[in-house]
Amino acid sequence: MATSRVDLSGRAGTPLRAILRSPGWMGWAIATFGARLPVAMAPLALVFAGRALSDGYLLSGLLVGAHTIGEAVAAPAAGALIDRWNPRRVLAGCLAAEALLFLAAAVVVGTGGGTALLVVLVALAGAVPAGAPGGLRSMLTHLVDAAVLPRALSLDTVLNQVCWGLGPVLVGVTVAAVSPAAGVGLVALPAVIAAGAALRLPDPAAARPAAGRSRVLPVLRLLARTLALTAALRVLLGVLTVAAVPLFTGSGQASLAGLALAAYAVGTGLGSVLYSLRSWPGGHQRQADVALLVLGLVVAFAVVARPHAVALLTLYAVAGFFEGPTVLARSLHLERVLPPDRRATGFSLQYAAIGWGFAVGSMVLAPLLTRWGAATVVTGAGLAVAALALVATLLPARPDRVR
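What you are looking at is a predicted structure, and each value in this text was computed from that prediction instead of being measured.

### Here we look at a nonpolar patch on the surface
Stage number 1. Judged by side-chain polarity, Met26, Ile30, Leu189 and Ile193 come together as a nonpolar surface patch covering roughly 390 Å² of accessible area.
Stage number 2. Every element with two or more residues in the nonpolar patch is listed here: α2 (25-53) and α9 (188-198).
Stage number 3. Take Met26: it is sitting in helix α2.

### A look at the pattern of salt bridges
Stage number 1. Scanning the model with the defined rule gives 5 salt bridges in all.
Stage number 2. In this structure, Glu323 and Arg234 form a salt bridge, with 2.9 Å as the shortest nitrogen-oxygen distance. Here Glu323, found in helix α15 (residues 309-337), pairs with Arg234, found in helix α11 (residues 224-250); they are 89 residues apart in sequence, far enough to count as distant. Arg234 carries the same exposure label as Glu323, and that label is buried.
Stage number 3. Where salt bridges share partners, they join Arg36, Arg137 and Asp156 into one cluster.

### Section: the packing of aromatic side chains
Stage number 1. Scanning all chains against the criterion turns up 2 aromatic pairs.
Stage number 2. Ring centres of Phe321 and Phe322 lie 5.5 Å apart, and the angle between their planes is 85°; this geometry places the pair in the edge-to-face category.
Stage number 3. Accessibility expressed as a relative area gives 27% for Phe321, which makes it partly exposed.
Stage number 4. On the basis of relative accessibility, which here comes to 23%, the residue Phe322 falls in the partly exposed class.

### Some points on the packing of helix α3 (residues 58-84) against helix α5 (residues 115-127)
Stage number 1. Contact geometry for α3 and α5: axes closest at 7 Å, N-to-C directions at 35°. Remark: the crossing between α3 and α5 carries right-handed chirality. Here Leu59, Leu62, Leu63, Ala66, His67, Gly70, Glu71 and Ala74 of α3 lie close against α5, whose contacting residues are Thr115, Leu118, Val119, Val122, Ala123, Ala125, Gly126 and Ala127.
Stage number 2. Its residues assigned to classes, the contact of α3 with α5 comprises 11 nonpolar, 4 polar and 1 charged.

Reading guide: rules and limits
- Residues numbered from 1 in each chain as written.
- Predicted model: local features only at pLDDT ≥ 70, side-chain atom pairs only at ≥ 80, totals over all residues.
- Heavy atoms only, no water.
- Patch = residues over 30% accessible without salt bridge, like charges linked within 9 Å, V, L, I, M, F, W, Y side chains within 5 Å.
- Areas by Shrake-Rupley, 256 points an atom, 1.4 Å probe, with all protein chains shown as cover.
- Salt bridge = Lys/Arg side-chain N within 4 Å of Asp/Glu carboxyl O.
- Helix = DSSP H or I, 4+ residues; strand = E, 2+ residues; numbered from the N terminus.
- Buried < 20%, exposed > 50% of the residue type's maximum accessible area, 1.4 Å probe, protein only.
- Phe/Tyr/Trp six-rings, centres within 6.5 Å; stacked < 30°, edge-to-face > 60°.
- Axes fitted to C-alpha atoms, helices over the stretch in contact; angles between N-to-C directions.
- Left-handed = near helix turned anticlockwise from the far one by under 90°.
- Contact = heavy atoms within 4.5 Å.
- Nonpolar A, V, L, I, M, F, W, Y, C, P; charged D, E, K, R; others polar.

The structure is reproduced here in structure tokens:
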């Protein structure tokens, strides 16, 4: 069944109405929400699980790291698999397997089972569905008309931020009311819903490649610059996430750390929507480079904002505001330089770069917070990313369309 795109002429109305009327849009939104909510729920659920099985947080960190690295390692191959085979069945199967793995992990936590088994289950729960976010974003490029794609991708970003705002709250309430094992088991529920919704999505059969076409390495070479800068962006988010508590502790308002991360998420959604409302000079790649440069400079002001809680909250919100255009512009660039039968691979590579960048920022740079201070580390990371983005803006931009 070939995928149709909504006609913007006649009664299509506003771009938002055109998106909502696209065949398969509602099923895609349900599948996307259900696929991304477990990713947002898992970190906190695994922290509680690790603390329940051990005295400290070492196991918690190991579990969160295993889940994140599992996603980052498996995402490119999983995206290539979606490009090659029937996307609906691959997505549904992977999401259903994710649900079973989290249910198994919940049983291990509830029975006080072996930690080695739990780590393996958690790593697989990250790896098996790792292609789902990229695969679903790729399907979105087939569902809506090119004229409204920027707005559709901005709505995708907003949906993602809603998941990250809602997920930890659901886990926290469940753990407080029931148990850490229940918190881990809850992660399986949205994955089951997403698996059912994925089976009802339109099949972009016309975009399916010939045998042997969809390979990871050619896409990786094409997107190397974009992926490196995407990882750099997520290094900043990783640092800001880990540094939130010590930064606000220094200002005497440690309880505001969670609000700061929420402000970052809201800023990201708002920036993405505003970016999608109009055309901007230069290609998408150049626009993303400039937005990343400004984002790095904003983060670099942490050492100045450190004593003032309001200034820190503003910094987080403004940083998120510039992340929105950075991510959306990168996604639009990727959609334009890749043929339809390589997009799931490309978006999954982007997802992997996000995972590796966040891991570096949150796990590798975290030990420096104690040695140098949170504000110094955050400012240094901001300046480093700003310098990298400045170099990128001075380099020739890759053409926005395949020739």
